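Listed below, chain by chain, are the residues.
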Amino acid sequence: MDIHTYAGLALLAALPLGLALIGYGTIVKNRWGINLRAVSCPDCGTEIGRVRAPKSGNQAMWGGHTCPSCGCEMDKWGRPIARPV
Ligand SMILES: [Zn+2]
């Protein structure tokens, strides 16, 4: 086999691996998972809309929300994130 065949095989192997990672992440609620449910603020209970405007690169990359009423940050699962001071 030449190098292109190996590259193709690696790609074929990576695809189900990525899907498994997302599926697993959705079950255990880590950053790889996909949350399709609306979350509400862990602090004040305000429901966060599905449409989000990422406030930071981390939010854009991994998901997450900032509460519009109290300004606290949470991950995409609605769990509070300790903001670095
Ligand atoms: Zn809030």
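Residues numbered from 1 in each chain as written. Predicted model: local features only at pLDDT ≥ 70, side-chain atom pairs only at ≥ 80, totals over all residues.

What follows deals with the overall build of the protein. The helix and strand inventory of the protein stands at two helices and four strands. Ordered by position from N to C terminus, the α and β elements of the protein give α-β-β-α-β-β. Expected size for 85 residues packed as a compact globule is a radius of gyration near 12 Å; at 17 Å, the protein overshoots this value by more than 25%. A buried classification covers 8% of the 85 residues belonging to the protein. (Helix = DSSP H or I, 4+ residues; strand = E, 2+ residues; numbered from the N terminus. Rg over C-alpha atoms; globule rule 2.2 N^0.38 Å. Buried ≥ 20, exposed ≤ 12 C-beta atoms within 10 Å, placed from the backbone.)

Moving on to unusual backbone geometry. A positive phi angle, near 60 degrees, is found at lysine 29, a position not held by glycine. In this fold, lysine 29 is placed in the loop between helix 1 (3-28) and strand 1 (39-40). With 14 C-beta atoms packed within 10 Å, lysine 29 lands in the partly exposed category.

Before going further, it helps to examine helix 1. Its 26 residues give helix 1 an end-to-end C-alpha distance of 37 Å, which sits within 8% of 38 Å, the value for a rise of 1.5 Å per residue. Taking burial as the measure, the 26 residues of helix 1 include zero buried ones, a minor fraction of the element. Once helix 1 finishes, lysine 29 follows within two positions and takes phi at roughly 60 degrees, a positive value. (Expected span 1.5 Å × (residues − 1).)

Along its sequence, the protein is organised into domain 1 (1-34) and domain 2 (35-85). Taken together, the residues of the side of domain 1 that touches domain 2 break down into one nonpolar, one polar and two charged. (Domains from an automatic or database assignment. Nonpolar A, V, L, I, M, F, W, Y, C, P; charged D, E, K, R; others polar.)

Checked against the element boundaries, proline 68 lands in the loop between strand 3 (65-66) and strand 4 (73-74). The class for proline 68 is partly exposed, based on 13 C-beta atoms found within 10 Å. Along the backbone, proline 68 and alanine 13 are 55 residues apart, and their C-alpha atoms lie at a distance of 42 Å.

For the rest of this paragraph, the subject is the environment of asparagine 35. As for its position among the elements, asparagine 35 is in the loop between helix 1 and strand 1. You can call asparagine 35 partly exposed: it has 15 C-beta atoms within 10 Å. The spatial distance from the C-alpha of asparagine 35 to the C-alpha of glycine 63 is 9.1 Å, given a sequence separation of 28 residues. For asparagine 35, the contacting residues outside a window of four places in its chain are Lys76 and Trp77. (Contact = placed C-beta atoms within 7 Å.)

Let's shift gears to the environment of alanine 14. For alanine 14, the position within the fold is in helix 1. As a C-alpha pair, alanine 14 and alanine 60 span 46 residues in sequence and 23 Å in three-dimensional space.

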